[in-house]
Amino acid sequence: RKEVEQDPGPFNVPEGATVAFNCTYSNSASQSFFWYRQDCRKEPKLLMSVYSSGNEDGRFTAQLNRASQYISLLIRDSKLSDSATYLCVVNERDTNAGKSTFGDGTTLTVKP
Amino acid sequence: EAGVAQSPRYKIIEKRQSVAFWCNPISGHATLYWYQQILGQGPKLLIQFQNNGVVDDSQLPKDRFSAERLKGVDSTLKIQPAKLEDSAVYLCASSLNRLTDTQYFGPGTRLTVL
């Protein structure tokens, strides 16, 4: 089993749709969580951090469920420009270092 | 603010050859990461530096890969000798200090091993 697993996708949705992605992680000691966005042939860029209380940034809402060990990303009113691959990131901490683990990403295509 | 710089952007080599990648992180960023991203997969952490010390290199294939960060600033990643399965994008990222800080990525080096 992978340490961080994401919905396989791809997700193809019309403009204006609401879409949700999930990401599960295996290490219950994981400390911090993020969603990154990666456009085709570009580098990943931070979309938002994920806090225990949940957080919202415009049309994007991220939530963390520590008991079930998953994080989610909800996109409302999808735009064509939201088409990208969404990567979840889980940062772990052990006695010496905290490893940063990326999921394989979920690809979203928003169509007119 | 200047971003993370990487060079070269593209490299094509034959198997068993050697190759080196260079990264210049954002000024003041203590933590530097090297990732390998194979097509269709997420970035896989190869090595993480805190200043010029190695924090994690558990996934670095040490028989062929090496990395250094002299003086806690620039870093180089070397592959010697390269294999076909090393074809990937090599991404460098930096963050201010802690894992809770945002990682800023460079544009990557796209390596093709023939």
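Computed from a predicted structure; not experimentally measured. Sequence order sets the numbering: in each chain, residues are counted from 1 along the sequence as written. Note on labels: chains are lettered from A, ligands numbered from 1, in written order. Residues qualify for local features only when their pLDDT is at least 70, as the model is predicted, and side-chain atom pairs are given and counted only at 80 or more; totals for whole chains, interfaces and linings, by contrast, use all residues. With hydrogens and water set aside, each side-chain value is computed from the structure's full complement of heavy atoms.

**Student:** Could you clarify how one ought to interpret the sheet that holds strand β1 (residues 4-6) of chain A in this entry?
**Tutor:** To summarise the sheet geometry, strands pair through backbone hydrogen bonds and adopt either a parallel or an antiparallel arrangement. All names here are of chain A. Strands were regarded as paired on the criterion that DSSP finds at least two bridges between them. In this description a helix means any DSSP run of H or I spanning at least four residues, a strand means any run of E spanning at least two, and both kinds are numbered starting from the N terminus. What the five strands build is an open sheet, ordered β1-β3-β8-β7-β6; its pairing is antiparallel. Only two strands of the sheet have a single neighbouring strand rather than two, namely β1 and β6 (55-57). Going from strand to strand, the sheet's axes swing by 15 degrees on average, the running direction of each strand aside. For β6 and strand β7 (residues 60-65), the ladder comprises three bridges, and the chain directions are antiparallel. All axes are obtained by fitting lines to C-alpha atoms, using only the stretch in contact for helices, and the reported angles, taken between N-to-C directions, cover 0 to 180 degrees.

**Student:** I tried to follow the pattern of salt bridges on my own but got confused; where do I start?
**Tutor:** Side-chain pairs of opposite charge can arise where the charged atoms are in close proximity. Residue and element names in this part refer to chain A. Here, a salt bridge means any Lys or Arg side-chain nitrogen found within 4 Å of an Asp or Glu carboxyl oxygen. Per the stated rule, a full pass over the model turns up seven salt bridges over all chains. Arg 76 is the partner of Glu 56 in a salt bridge, and the nearest nitrogen-oxygen pair spans 3.5 Å. Of this pair, Glu 56 sits in strand β6 while Arg 76 sits in the loop between β8 (70-75) and β9 (84-91), placing them 20 residues apart in sequence. Exposure categories follow from relative accessible area, calculated using a 1.4 Å probe and restricted to protein chains: below 20% of the type maximum is buried, above 50% is exposed, and the middle band is partly exposed. Glu 56 gets classed as exposed once you look at its relative accessible area, which sits at 57%.

**Student:** Honestly, the interface of chain A and chain B in this entry has me stumped. Any pointers?
**Tutor:** A common way to express how large an interface is: the accessible area buried when the components associate. Contacts are residue-level and defined by heavy atoms, with any inter-residue pair within 4.5 Å sufficient. Every contact between the two is made by 19 residues of chain A and, on the other side, 21 residues of chain B. Summing both partners gives a buried area of about 1700 Å² for chain A against chain B, and 53% of it is carried by carbon and sulfur. Counting every contact that joins chain A to chain B gives zero salt bridges. For the side of chain A that touches chain B, the elements supplying multiple residues, two or more each, are β4 (32-38), β9 and β10 (100-102) of chain A. With four residues, β4(A) is the single largest residue contributor to the side of chain A that touches chain B. We call Asp, Glu, Lys and Arg charged. Ala, Val, Leu, Ile, Met, Phe, Trp, Tyr, Cys and Pro are nonpolar, and the rest, Gly among them, are polar. When the residues that make up the side of chain A that touches chain B are grouped by side-chain class, the tally is seven nonpolar, seven polar and five charged. Note on terms: buried area is the combined drop in 1.4 Å-probe accessible area of two parts once they are placed together, counting the loss on both.

**Student:** Teacher, can you tell me more about the sheet that holds strand β8 (residues 75-79) of chain B here?
**Tutor:** Residue and element names in this part refer to chain B. What the four strands build is an open sheet, ordered β1-β3-β8-β7; its pairing is antiparallel. Bordering the open sheet on either side are β1 (5-7) and β7 (65-68), each of which pairs with just one other strand. Within this sheet the neighbouring strands show an average axis-to-axis angle of 15 degrees, counted without direction. Here five bridges tie strand β3 (residues 19-24) to β8, and the two strands are oriented antiparallel to one another. Across the sheet, residue Val 19 finds its bridge partner in β8, namely Ile 79.

**Student:** Any chance you could explain the packing of aromatic side chains here in plain terms?
**Tutor:** The relation between two aromatic rings is expressed through the spacing of the ring centres and the mutual angle of the planes. Classification of ring pairs rests on two measures: the distance between centres of Phe, Tyr or Trp rings, Trp counted by its six-membered ring, which must be within 6.5 Å, and the angle between planes, read as stacked under 30 degrees, edge-to-face over 60 and tilted in between. Evaluation of the coordinates by the stated rule reveals twelve aromatic pairs over all chains. On the basis of an interplanar angle of 80 degrees and a centroid distance of 5.2 Å, the ring pair of Phe102(A) and Tyr35(B) is categorised as edge-to-face. Taken as a pair, Phe102(A) in strand β10 and Tyr35(B) in strand β4 (residues 31-37) lie in two separate chains rather than in one. A relative accessible area of 0% places Tyr35(B) in the buried class. Members of the aromatic cluster, joined through ring pairs, are Phe34(A), Tyr36(A), Phe102(A), Tyr33(B), Tyr35(B) and Phe105(B).

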